[in-house]
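Chain by chain, the residues run as shown.
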Amino acid sequence: MKEKQIFFCDNCGFESAKWQGKCPACGQWNTFVESTQVTGKKTSGKVSGMQNMQVPPSFPVTLREVDTDDDERISTGIGELDRVLGGGAVVGSLNLVGGEPGIGKSTLLLQICNELCAFGNVLYVSGEESRRQIKMRADRLGVTADNLFLLAETNLEKIISTTTDISPRVLIVDSIQTVFNPEIASAPGSVTQIKDSTMAFMQLAKSGGITIFIVGHVNKDGAIAGPKVLEHMVDCVLNFEGDRSFTHRILRAEKNRFGSTNEIGVFEMGSNGLDEVPNPSQLLLSGRPENVPGSCVACVMEGSRPVLAEIQALVAPTAFGNPRRMTAGLDYSRSSLLLAVLEKRAGYIISNRDVYINVVGGLKIDEPAADLPAILSVASACTDKPVRSDVASFGEVGLAGELRSVTGAEHRLSEIKRLGFSKCIVPARGAGKMIAPAGLEIIPARSVSEAIIKALG
């Protein structure tokens, strides 16, 4: 065997014999990392432990012969996680869970073991903690299943060999960055090791019908560490979001071959682990001040679930030559566009003022329906007039200052009424077809200026 140094693109997996500043495949800058590749020995592509597995033969079938029945799913026992997965974990699927350190990845996966053990054996493999540490955390979380097996190992061959012996229904690997194949002369966590280990687990899941959850670390940019091809290999990519200074966490599916990628699950971190939050709107609006300028409630859709969130804005005279623009939870470019529309179409002079926009609670909103609430909060901060506390709003804003309708209006109105609001400002286009719940008044507006007048009174 011979070893040679090659370079991998950390974003797309492109290989190069020398370091390059810009990847010629994906166009990203400074993504090449050095790795060691073993040549001169042709392998079968399987690691030890998989040789004894009976892999069903592969043969072509016609389109009519393909079974279109729903995939078999197993419930994790946590409704919010099942919602994100699309109704439960699919048997034989490979799922990647990522997030910041300490966000709750290992806690969530250990919590679901109690319910998963009802379907068969569960093997929890940890490369970062000892069995004693896992046992202490399991006692704190109340995990007492008898058929939950713990393995503190990082050797890929031993992990697959143990999996073959135990034949678990579910395999949990924490984390993929610690697993290594001894046949590859690279350090654990390198691009080569991560790709090879993930490929081995994918073959194990598909051939053995084992549901596998693997934990992935994140880099300084918040993306899952390793090559981007890692996310293409798995069936589902779950990402934990949230500020560690807040108690709630948001689980979002960035990729899901068996369900929607728009659903989110909301959890609250407590002393006994992660607790489900079936009503995230009430959590995000708790502590909302009343009759305070610069605050407006928005209703956005996260998958099939309407969520109410408070958007706050602060406008102050600038002390610098160029005014500052800062956003948290909203896209910066979209916010700049809304500020330009507010100044040009509504006549608010903010070019000489600092503007700060924040979505309370750490929620990240990327839906156009938040345009109108964001503009109303900035206008309220400019005039020092509060938006009425019983008013919520949603709607997309165009460059001409017009308001455009958004999807799911009736679901939004029902959620707004359920949380005690009595008025809702909506785009006039399509307002006549909206069926509002009893006790909720719909206030249509055609333009940004008209909406501001009706909101500020």
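The rules behind each value
Residues numbered from 1 in each chain as written. Predicted model: local features only at pLDDT ≥ 70, side-chain atom pairs only at ≥ 80, totals over all residues. Heavy atoms only, no water. Helix = DSSP H or I, 4+ residues; strand = E, 2+ residues; numbered from the N terminus. Contact = heavy atoms within 4.5 Å. Polar contact = N/O pair within 3.5 Å; in protein donor to acceptor, adjacent residues only side chain to side chain. Pairing = 2+ DSSP bridges. Axes fitted to C-alpha atoms, helices over the stretch in contact; angles between N-to-C directions. Parallel < 35°, antiparallel > 145°, perpendicular 65-115°, else oblique. Nonpolar A, V, L, I, M, F, W, Y, C, P; charged D, E, K, R; others polar. Core = buried A, V, L, I, M, F, W, Y, C linked by side-chain atoms within 4.5 Å. Buried < 20%, exposed > 50% of the residue type's maximum accessible area, 1.4 Å probe, protein only. Phe/Tyr/Trp six-rings, centres within 6.5 Å; stacked < 30°, edge-to-face > 60°. Lys NZ or Arg CZ within 6 Å of the ring centre and 35° of its normal. Arc of directions from axis to C-beta. Expected span 1.5 Å × (residues − 1).

Enquirer: What am I meant to see in the environment of H217 here?
Expert: Within the secondary structure layout, H217 lies in the loop between β10 (211–216) and α7 (229–233). Considering only alpha carbons, one finds H217 and T198, 19 residues apart in sequence, at a separation of 14 Å. Those residues in contact with H217 that sit more than four places away from it in its chain are E128, S175, Q177, A223, I224 and A225. Side-chain polar atoms of H217 contact the side chain of S175, separated by 3.3 Å.

Enquirer: Would you explain the sheet that holds strand β22 (residues 423–427) in this entry?
Expert: Whenever strands of a sheet pair, they do so through backbone hydrogen bonds, lying parallel or antiparallel. Taken in spatial order, the seven strands line up as β17-β18-β16-β15-β19-β22-β23 in an open sheet, and their pairing is mixed. One side of each edge strand has no neighbouring strand; the edge strands of this open sheet are β17 (325–328) and β23 (441–445). Recorded for the sheet is a direction-independent mean angle of 25 degrees between the axes of neighbouring strands. In this sheet, strand β19 (residues 391–393) lies alongside strand β15 (residues 295–302) in parallel orientation, the contact comprising two bridges. Following the sheet pairing, V297 is matched in β19 by A392. The strands touched by helix α9 (residues 332–346) within the sheet are β17 and β18 (353–359), with β17 carrying the most contacts at an inclination of about 125 degrees.

Enquirer: Even after reading the chapter, I still don't get the sheet that holds strand β7 (residues 122–126), so can you show me in this structure?
Expert: Strand order in the open sheet made by the nine strands is β8-β7-β9-β10-β6-β11-β12-β13-β14, with mixed pairing throughout. Looking along the sheet, the strands with just one partner apiece sit at the ends: β8 (148–152) and β14 (273–276). Ignoring which end each strand starts from, the neighbouring axes of this sheet average 25 degrees apart. With five bridges connecting them, strand β12 (residues 248–256) and strand β13 (residues 264–270) associate as antiparallel partners. Bridging from a neighbouring strand, L251 pairs with G265 of β13. Of the strands in this sheet, β7, β8 and β9 (170–174) are in contact with helix α5 (residues 156–166), which crosses β7 at around 165 degrees.

Enquirer: Any chance you could explain the packing of α5 against helix α6 (residues 191–208) here in plain terms?
Expert: Angle between the axes and distance between the axes are the two parameters that describe a pair of packed helices. Where α5 contacts α6, the axes come no closer than 11 Å and their chain directions differ by 10 degrees. The orientation of α5 relative to α6 falls into the category roughly parallel. Residues L156, I159, I160 and T163 of α5 touch α6, and the partners they reach there are D196, S197, A200, F201 and L204. Residue composition of the contact of α5 with α6, by class: six nonpolar, two polar and one charged.

Enquirer: Sorry if this is basic, but what is going on with the nonpolar core here?
Expert: The nonpolar side chains of a soluble globular protein tend to be buried, and buried together. Judged by nonpolar contacts, the single largest core of 46 residues is most densely connected at L342, V378, I425 and I452. Elements with a contribution of two residues or more to this core: β13, β15, β16 (305–317), α9, β18, α10 (371–383), β23 and α12 (448–456). Per element, the largest residue contribution to this core is eight residues, and it comes from α10. Membership of the second largest hydrophobic core comes to 33 residues, among which are I103, I112, C113 and F267.

Enquirer: Whenever I open this one, the packing of aromatic side chains confuses me. Can you help?
Expert: One pair of aromatic rings is described through two measures. These are the centre distance and the angle between the planes. Counted by the stated rule, this structure contains one aromatic pair. Their ring planes at 55 degrees and their centres at 6.3 Å tell us that F240 and F267 sit as a pair that is tilted. Taken together, the positions of F240 in strand β11 (residues 236–241) and F267 in strand β13 put the pair 27 residues apart, joining distant regions of the chain. By relative accessible area, F240 is classed as buried at 3%. According to the relative accessible area criterion, F267 is buried, its value standing at 1%. Lying over the aromatic face of F394, R412 brings its terminal NZ or CZ to 5.5 Å of the ring centre.

Enquirer: What is the right way to read the pairing of β13 from this model?
Expert: Successive residues of a regular strand alternate their side chains across the two faces of the sheet. For β13 and β14, the ladder comprises four bridges, and the chain directions are antiparallel. Within β14, the position partnered with G270 by the bridge is G273. Connecting β13 to the antiparallel partner β14 that follows it, the hairpin turn spans two residues.

Enquirer: Honestly, the side chain of E231 in this entry has me stumped. Any pointers?
Expert: On the secondary structure map, E231 appears in helix α7. Residue classification places E231 among the buried residues on the basis of a relative accessible area of 12%.

Enquirer: Mind showing me how you'd approach the side chain of E302 here?
Expert: Position of E302 among the secondary structure elements: in strand β15. Here the side chain of E302 touches R252 through a polar contact of 3.1 Å, side chain to side chain. With residues up to four places along the chain from it excluded, the contact list for E302 reads R252, N262, E263, I264, V307, L363 and K364.

Enquirer: Looking at this model, I keep getting lost on helix α4 (residues 131–141). Mind explaining?
Expert: Think of an α-helix as turning once every 3.6 residues; residues three or four places apart then point the same way. Along α4, the positions that sit buried rather than exposed are I134, R137, A138 and L141. For α4, the angular spread of buried residues about the axis comes to 105 degrees, placing them on one side. Turned more than 90 degrees away from the buried face of α4, the exposed residues are R132 and M136. The inward-facing, buried residues of α4 contact α2 (105–111), β7, β8 and β14. Positive backbone phi, approximately 80 degrees, marks G142, located one or two places after α4.

Enquirer: Explain α9 here, please?
Expert: Compared with an ideal rise of 1.5 Å per residue, which puts 15 residues at 21 Å, α9 spans 20 Å between its outermost C-alpha atoms and is within 8% of the ideal. Taken residue by residue, α9 has S335, L338, L339, V341 and L342 as its buried positions. Buried residues of α9 fall within an arc of 160 degrees about the axis and therefore sit on the same side. Of the residues in α9, the exposed ones pointing more than 90 degrees away from the buried face are S333 and K344. On its buried side, α9 packs onto β17, β18, α10, β20 (396–397) and α12. One side-chain oxygen at the N-terminal end of α9 lies 3.3 Å from the backbone nitrogen of S333; it belongs to D331. Phi turns positive, to about 80 degrees, at G347, one or two residues after α9.

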